[in-house]
Amino acid sequence: MLRLYDLASEQVAPLAPTPGATVGLYVCGPTVYGPPHLGHGRLVLVFDVLRRWMQARGLSVRHVENITDVDDKIIDRAMREHRRPEEIAEEAEAQWWAAMDRLGALRPHESPHATDWIAEMVELVAKLLERQAAYATSDGVYFDTRVVADYGLLKHQDVERLLAGARVAPNEEKRAPADFALWKAAKPGEPSWEAPFGAGRPGWHTECVAMSLGILGEGFELHGGGADLIFPHHENERAQAVALGRPFARRWLHSGLLTVEQEKMSKSLNNYVTLDDLLAAEDARALRLVVCRAHYRSPLEAGADVIAQASATLERIDALAQRLGELPSAAVPPAAVGEAAALGERVAEAMDDDLDTPSALGALFSGLRRANALLDAGDHVGGGALGRAVIEGLEILGLVPVAPGGADAEAEALLAARDAARAGGDYATADRLRDELAARGWRVEDGPAGSRLRRDVAPAR
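As a starting point, this report considers the structure included with it. (Residues numbered from 1 in each chain as written. Predicted model: local features only at pLDDT ≥ 70, side-chain atom pairs only at ≥ 80, totals over all residues. Heavy atoms only, no water.)

Note on sheets: strands pair through backbone hydrogen bonds, and any given pair is parallel or antiparallel. Strand order across the open sheet formed by four strands is β4-β3-β9-β10, with parallel pairing between neighbours. Of all the strands in the sheet, just β4 (60–65) and β10 (251–255) have a single pairing partner and so form its edges. Direction aside, the axes of adjacent strands within the sheet are offset by 20 degrees on average. Inspection of the sheet shows strand β9 (residues 222–226) paired to β10 by five bridges, in the parallel sense. If you follow Leu222 over to β10, its bridge partner there is Arg251. Each of β3 (22–27) and β4 is contacted by helix α6 (residues 204–216), which is oriented at about 165 degrees to β3, the strand it contacts most. (Pairing = 2+ DSSP bridges. Helix = DSSP H or I, 4+ residues; strand = E, 2+ residues; numbered from the N terminus. Axes fitted to C-alpha atoms, helices over the stretch in contact; angles between N-to-C directions. Contact = heavy atoms within 4.5 Å.)

So, about the layout of surface pockets. Each pocket or cavity is described by its volume, and for the second largest pocket that value is around 340 Å³. Forming the boundary of the second largest pocket are 17 residues, of which Arg102, Asp276, Arg434, Asp435 and Ala438 lie nearest the centre. Contributions of two or more residues to the lining of the second largest pocket are made by α3 (85–102), α8 (275–281), α15 (427–439) and β14 (442–447). The dominant element in the lining of the second largest pocket, judged by the number of residues it contributes, is α3, at five residues. Class assignment of the residues belonging to the lining of the second largest pocket gives a composition of nine nonpolar, one polar and seven charged. Residues from two domains meet in the lining of the second largest pocket; each of domain 1 (3–269) and domain 3 (409–455) gives at least three. (1 Å grid on protein atoms, 1.4 Å probe; cavity = no way out; pocket = protein on both sides within 12 Å on 5 of 7 lines; lining within 4 Å. Points joined across faces, edges and corners; volume = space filled by probe spheres on them. Nonpolar A, V, L, I, M, F, W, Y, C, P; charged D, E, K, R; others polar. Domains from an automatic or database assignment.)

Ranked by size, the top nonpolar core spans 123 residues in total, and within it Leu50, Met54, Leu128, Phe143, Leu222 and Leu287 carry the most contacts. Tallying contributions element by element places helix α1 (residues 38–56) first for this core, with 10 residues. Formed jointly, this core draws a minimum of three residues from each of two domains, domain 1 (3–269) and domain 2 (303–396). Ignoring anything within four residues of it in the chain, the contact list for Met54 reads Leu2, Leu15, Val23, Leu25, Leu59, Val61 and Leu222. (Core = buried A, V, L, I, M, F, W, Y, C linked by side-chain atoms within 4.5 Å. Buried < 20%, exposed > 50% of the residue type's maximum accessible area, 1.4 Å probe, protein only.)

Here we come to unusual backbone geometry. Omega for the peptide link from Phe231 to Pro232 comes to 10 degrees, which places this bond in the cis form. Relative to the helices and strands, Pro232 resides in helix α7 (residues 230–244). Positive phi, normally seen in glycine, also occurs at Gln132, with a value near 60 degrees. Mapped onto the elements, Gln132 comes out in the loop between α4 (118–130) and β5 (134–137). Gln132 sits in the exposed class, given a relative accessible area of 63%. Positive phi, close to 55 degrees, is recorded for Asp354, a residue that is not glycine. When you line up the elements, Asp354 lands in the loop between α11 (334–352) and α12 (357–376).

Before going further, it helps to spend a moment on the environment of Asp71. Turning to its location among the elements, Asp71 is positioned in the loop between β4 and α2 (72–81). A residue is classified by how much of its surface remains accessible, and Asp71, at 13% relative accessible area, is buried. Residues Asp71 and Arg201, spaced 130 residues apart in sequence, show a C-alpha to C-alpha distance of 8.7 Å. Apart from residues no more than four positions distant in its own chain, Asp71 is found in contact with Thr31, Arg201 and Trp204. A distance of 2.9 Å separates a polar side-chain atom of Asp71 from the backbone nitrogen of Lys73. (Polar contact = N/O pair within 3.5 Å; in protein donor to acceptor, adjacent residues only side chain to side chain.)

In structure tokens, the structure reads:
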């Protein structure tokens, strides 16, 4: 049985939904104001692997990941560039999905946009006002954190210590420093909606409460996100549900932070890497392999050397898959079945232990070496059975082998057109065709002998 850590209780416990019930998984999605970066990639891949494993275990999963398409960051960029906020959000969301598709991440079953849930958010804020858990100020409506006795539960710290390490917007009208905006009063030039308590727009912390409860219902199983969202975002979500008297997430999961060259990724440190930059240089599966090599709750180093090493390791996976494809079909004797089954059991034991992907990968790569040794010794039946078990385990993690070459005629035609545009100095067209190939799952590799196509990811299943 799958056991997962819960941040609120600080315990690893079995995931035991009611028989036949669907596991509700809500993951805080992107604020769409710019291109996604490596940190976003880790977050998405962690929960992609979790979803894949739950489904492999026979669980029915309903995966919801929201899109924050109204936010200060979107508005600020729109003002700087003299564009509409909606245009910024639509552009950035397209970049998001293109990158996630190239990473081979399964698309969420539902991706609600904040702007489609304004009515529910207005109703939520009105109920908090009725319960005297919120109050109006000159710039909007704030939540009164003093009404939640265990405010700070997810960080397991008292409020004073929490505020010492967090950025809290100053406001002399706030009743307590930790109080946060549920509704921001309308300002000239900013998007706004009508509400009984005044025109304006929702605060970020309000959005996920309305959407998660509205789609998954009360007491849904799993709420996920990055460790940077624990406070204040997830704590503030939880506080609103508590104040409303509505059962919220039963379990909280968070992926650890990502570092580059031992430093937290930051534009100011010049180590900020977008997913587009990564995918232009490396196999899209490399980041997934790096993510799986670390436990999801641990910090993750994803520097250039680490990614490059992972890309090289992928060649071993692809080589085994190619070798298996060249074997003659044969019946698998019980002994070979037993060795392959034992590998499957070791992988399942690791994955069921709070998604221990490092141990699962260790078992799979040990199996890969053993399969190659058997094949080298001429044991095509035993090596083939074990090799297929290895590939099946890797595919559950989303590490799908790819064959060299094998491009279809249409992809080859696009490559030829891209090469012609590049040779003629039409780099805009060349880039557009390269992006189209990427969207189809092909990476263009340029070398002294010319350009070639390499399959980036298998289609999401």
